[in-house]
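# Structural features, examined
Spelled out, the chains give:
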Amino acid sequence: MHDRMYGSDRRVDADWRVIKQLWPFLLSFKGRVLLAMALLIGAKIANVWVPIALKYIIDALDPSVQGGSDTQGQLNALITLPLALLLGYGVLRFSSVFFSELRDAVFGRVAERTLSNVALSVFEHLHKLDLEFHLSRRTGGLTRDIERGTTGISFLLRSVVFSVVPILIEVALVAAVLFVKFDPIFAFVTVASVVGYVLFSVWVTEWRTEFVRTANLKDSAANSKAIDSLLNFETVKYFNNESYEANRYADSLAERENAKVKNHLSLATLNSGQALIIGGSITLMMVLAAQRVVDGEMTLGDLAMVNAFMIQVFIPLNVLGFVYREIKRCLADVESMFKLLNATPRIQDAPDAEALPEKADGITFDHVDFAYHEDRPILRNVNFVVHPGEKVAIVGPSGAGKSTIARLLFRFYEPQQGAIYIGERNIAKVTQESLRRALGVVPQDTVLFNDTLLENIRYGRPDATQEEVEAAVEHAYLKSFIKSLPKGYDTQVGERGLKVSGGEKQRIAIARTILKNPRIMIFDEATSSLDSESEKAILKALNKIAARKTTVVIAHRLSTIVDADRILVLKEGKIVEQGNHAQLMEKKGDYARLWQMQQHEETDE
């Protein structure tokens, strides 16, 4: 019991945290929120005046109130009935609906803009998080969290503004009218009835939540068994297990049936209890009003007004159980989304971080140690320098840590020991934005956006002109390919670039990196998955741009880097050899063995 109470308190605290975090987004639209609340109050005031107007109409038609009992007196009362009263009744009915619709229109912009702002905040924050976060989370899970969270916010805003707040305002207005116009007992019964109805609905909804959850689980289990059996139709036939499968499905259906029956009974309990409270409350109010009519303290119009008030108050409460349950679910969904917003990036700019100077060039790894996990070191005491304008290749077997060097250079991760410099600046002391602006990469697996060729190339610099794009295309040897396409630059590349070949993808990647025009180029096994013809074309393009840049080439095929100024051989996270191709071949060490092995493989092919 104590654990349940503790869990409930913790859930309440979490709900309040969600509301507190959501509140600043709403405060951005104070004017619209205040106007929506004013229209809401106006709608409720008009709604409360409808039974009052009805009372005066009934009293005006009642001969006993008019002081006449003959037919002529009744006719005179009907004739002398102020038309303004009837017109007023119609105006009040219309005003109640009209103000509500205006409120919806005014608050609709607030709700939709709030959703947009929250979704944009989460989206921007996700791009600030480190690579480790995205590698450990499924993209589908992230999008589902955002989708459920924004849907939850939409329901919360609309349920609070369109359901909960209007009910509270109407109950307060009705209680005030009854208190002022009649005996205070009428106001007390109204408030007590509503409070009792709310408490009962909340308590029973909490109680039946377990039945709803169990029914859903059993329903899913039964469906899963049926689908699993049908998907494995051949296996069922191989082992003559049709009866066995039918019995298993029948058992699941029986469990589902029992769970559904309990769910229906719990719903019947909720509806019956609510109906009992409503019926009892209205009956009590009518008895009190009828007694006062008999005693001459109230008119028939007063009796009709009390009855109309009670019906008017209780009708919106019918959906309270559903609204309460959905609010709880939505708060949980919004909390999941806000957890994304509250996630702290592991890689952050230092408080005193400055922009990387425009002329900073060259790379230094100074005694760098790095491990993705403590028990599996990747880089061990790595030291090397890439001088400005130099082309340095990094080679080694798979798993040696070659691509990790590129990730550390982009500050997707931080080294556990040592430091990395561009020029004379430690990259941990400069802003990430300026650091990455200075770097350009052509990765092994180029991922394109589901857009046109033009937009994928222009992604390197979105504000580039058409002339600049065409110059980059020329340098990447992509011009003839684009000319051969019926739609040219407007060709759609498909999701993840599936409509273009591997070689074409790489040239698109080169073109957009050229368009970015960074000081330092990184080629991360950019040709490892290409055929010989494509590789030659890509190498030609790479060499053309590398001639003018500081370049790091992470290579698998040694034949692609024989012209490098210096080659670093990485093995088990350590640099074991370095020199140019001729020097390393003379050493007859690891590089020479790798070279001989690849030459034999190419000869066999």
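Just above sits the structure.
Worth saying up front: this structure is predicted, and the values here are computed from it rather than measured.

Rules and cut-offs
- Residues numbered from 1 in each chain as written.
- Predicted model: local features only at pLDDT ≥ 70, side-chain atom pairs only at ≥ 80, totals over all residues.
- Heavy atoms only, no water.
- Helix = DSSP H or I, 4+ residues; strand = E, 2+ residues; numbered from the N terminus.
- Buried < 20%, exposed > 50% of the residue type's maximum accessible area, 1.4 Å probe, protein only.
- Contact = heavy atoms within 4.5 Å.
- Areas by Shrake-Rupley, 256 points an atom, 1.4 Å probe, with all protein chains shown as cover.
- Patch = residues over 30% accessible without salt bridge, like charges linked within 9 Å, V, L, I, M, F, W, Y side chains within 5 Å.
- Salt bridge = Lys/Arg side-chain N within 4 Å of Asp/Glu carboxyl O.
- Pairing = 2+ DSSP bridges.
- Axes fitted to C-alpha atoms, helices over the stretch in contact; angles between N-to-C directions.
- Expected span 1.5 Å × (residues − 1).
- Parallel < 35°, antiparallel > 145°, perpendicular 65-115°, else oblique.
- Nonpolar A, V, L, I, M, F, W, Y, C, P; charged D, E, K, R; others polar.
- Phe/Tyr/Trp six-rings, centres within 6.5 Å; stacked < 30°, edge-to-face > 60°.
- Core = buried A, V, L, I, M, F, W, Y, C linked by side-chain atoms within 4.5 Å.
- 1 Å grid on protein atoms, 1.4 Å probe; cavity = no way out; pocket = protein on both sides within 12 Å on 5 of 7 lines; lining within 4 Å.
- Points joined across faces, edges and corners; volume = space filled by probe spheres on them.
- Polar contact = N/O pair within 3.5 Å; in protein donor to acceptor, adjacent residues only side chain to side chain.

The secondary structure content of the chain amounts to 21 helices and 10 strands. In the chain, which comprises 605 residues, the share counted as buried stands at 43%. Long-range contacts, defined here as pairs at least 24 residues apart, represent 77% of the contacts in the chain between residues at least 6 apart. Accessible surface computed for the chain: about 33,100 Å², of which carbon and sulfur atoms make up 57%.

A surface patch of nonpolar side chains, about 270 Å² in accessible area, is lined by I41, I45 and W49. Summarising the element assignment, I45 is placed in helix 2 (residues 30-61).

What follows is about the sheet that holds strand 1 (residues 363-373). Taken in spatial order, the four strands make up an open sheet running 2-1-4-5, and their pairing is antiparallel. Two strands lie at the open edges of the sheet, namely strand 2 (376-386) and strand 5 (425-426), each paired on one side alone. Pairing analysis gives seven bridges linking strand 1 to strand 2, with the strands arranged antiparallel. Bridge assignment links F365 to a residue of strand 2, and that residue is F384. Across the sheet, helix 13 (residues 402-409) lies against strand 1, strand 2 and strand 4 (417-422), angled at about 110 degrees from strand 1, the strand it touches most.

A few words now on helix 11 (residues 300-317). Between the first and last C-alpha of helix 11 there are 26 Å, a value that for 18 residues agrees with the 26 Å anticipated at 1.5 Å per step. For helix 11, the set of buried residues is G301, D302, L303, M305, V306, A308, F309, M310, Q312, V313, F314 and L317.

Located in the positive-phi region is H367, a residue other than glycine, with phi close to 50 degrees. The topology assignment puts H367 in strand 1. For H367, a relative accessible area of 43% puts it in the partly exposed group. The phi angle at R411 is positive, at roughly 60 degrees, despite the residue not being glycine. Of note, R411 is situated in the loop between helix 13 and strand 4. Judged by its relative accessible area of 2%, R411 is buried.

Our next topic: the packing of helix 8 (residues 184-231) against helix 10 (residues 242-294). The description of two packed helices rests on the angle between their axes and on the distance between the axes. Helix 10 packs onto helix 8 with a crossing angle of 170 degrees between their chain directions and a minimal axis gap of 8 Å. Put simply, helix 8 runs roughly antiparallel to helix 10. For the contact of helix 8 with helix 10, the residue count by class is 23 nonpolar, 14 polar and 11 charged.

A separate point is the pattern of salt bridges. Side chains bearing opposite charge may pair, as long as their charged atoms lie close to each other. Taken as a whole, this structure holds 14 salt bridges when the rule is applied. The salt bridge involving E414 is made with R411; its shortest N-O contact spans 2.5 Å. A salt bridge links E433 to R437; its shortest N-O distance comes to 2.5 Å. Of the two residues, E433 and R437 both sit in helix 14 (residues 432-437), four residues apart, roughly one turn of that helix. Taking the relative accessible area as the measure of exposure, E433 reaches 53% and is therefore exposed. Residue R437 is classed as partly exposed on the basis of its relative accessible area, which comes to 39%. Each member of the salt-bridge network shares a partner with another, and the members are K571, D590 and R593.

Let us look at the packing of aromatic side chains. Within this structure, the stated rule accounts for 10 aromatic pairs. Here F370 and Y413 contribute two aromatic rings whose centre-to-centre distance is 5.6 Å and whose plane-to-plane angle is 55 degrees, an arrangement assigned as tilted. Here the residue F370 occupies a position in strand 1, and Y413 occupies one in the loop between helix 13 and strand 4, the gap between them amounting to 43 residues. Exposure class is identical for F370 and Y413. Each is buried. Every member of this aromatic cluster is reached through a ring pair, and the members are F94, F98 and F99.

So, about the nonpolar core. If you look at the biggest cluster of nonpolar residues, it comprises 41 residues, and the most contacted ones within it are I457, L478, I561 and Y591. Looking at this core, the element that brings in the most residues is helix 18 (residues 502-516), giving six residues. Ignoring sequence-local partners within four residues, the contact set of Y591 consists of V395, L558, I561, I567, V569, E577, H581, L584 and M585. In terms of nonpolar packing, the next biggest core, distinct from the first, is built from 33 residues, I363, V368, I394 and L409 among them.

The next subject is the sheet that holds strand 7 (residues 520-524). Across the sheet, six strands lie side by side as 6-7-8-3-9-10; this open sheet has mixed pairing. Each of the sheet's edge strands pairs with one partner strand only, and the pair in question is strand 6 (439-442) and strand 10 (574-579). Each strand axis lies, on average, 20 degrees off the axis of its neighbour in the sheet, ignoring direction. One ladder, built from four bridges, connects strand 3 (residues 391-395) with strand 8 (residues 550-554); its direction is parallel. Paired with I394 across the two strands is I554, which belongs to strand 8. Each of strand 6 and strand 7 touches helix 18; the most contacted strand, strand 6, lies at about 170 degrees to it.

Each pocket or cavity is described by its volume, and for the largest pocket that value is around 2,200 Å³. If you trace the largest pocket, you find 39 residues lining it, with H127, F410, F412, V441 and Y459 closest to the centre. If you list the elements that add at least two residues to the lining of the largest pocket, you get helix 5 (83-128), helix 6 (131-136), helix 13, helix 14, strand 6 and helix 18. Considering only residue class, the lining of the largest pocket consists of 16 nonpolar, nine polar and 14 charged.

Examined against the element boundaries, Q506 turns out to sit in helix 18. The class for Q506 is buried, based on a relative accessible area of 3%. At 3.1 Å, the side chain of Q506 forms a polar contact with the backbone oxygen of P443.

Turning next to helix 10. Its 53 residues give helix 10 an end-to-end C-alpha distance of 75 Å, which sits within 8% of 78 Å, the value for a rise of 1.5 Å per residue. Once helix 10 finishes, G296 follows within two positions and takes phi at roughly 80 degrees, a positive value.

With that settled, the discussion passes to the pairing of strand 7. With five of five residues buried, strand 7 lies mostly within the body of the structure. By the alternation rule, side chains of strand 7 split into I520, I522 and D524 and M521 and F523, which are all buried. Summarising the sheet, strand 6 and strand 7 pair through four bridges and their orientation is parallel. Of the residues in strand 7, the one forming a bridge with V441 is I522. The sheet contact formed by strand 7 and strand 8 spans five bridges and is parallel.

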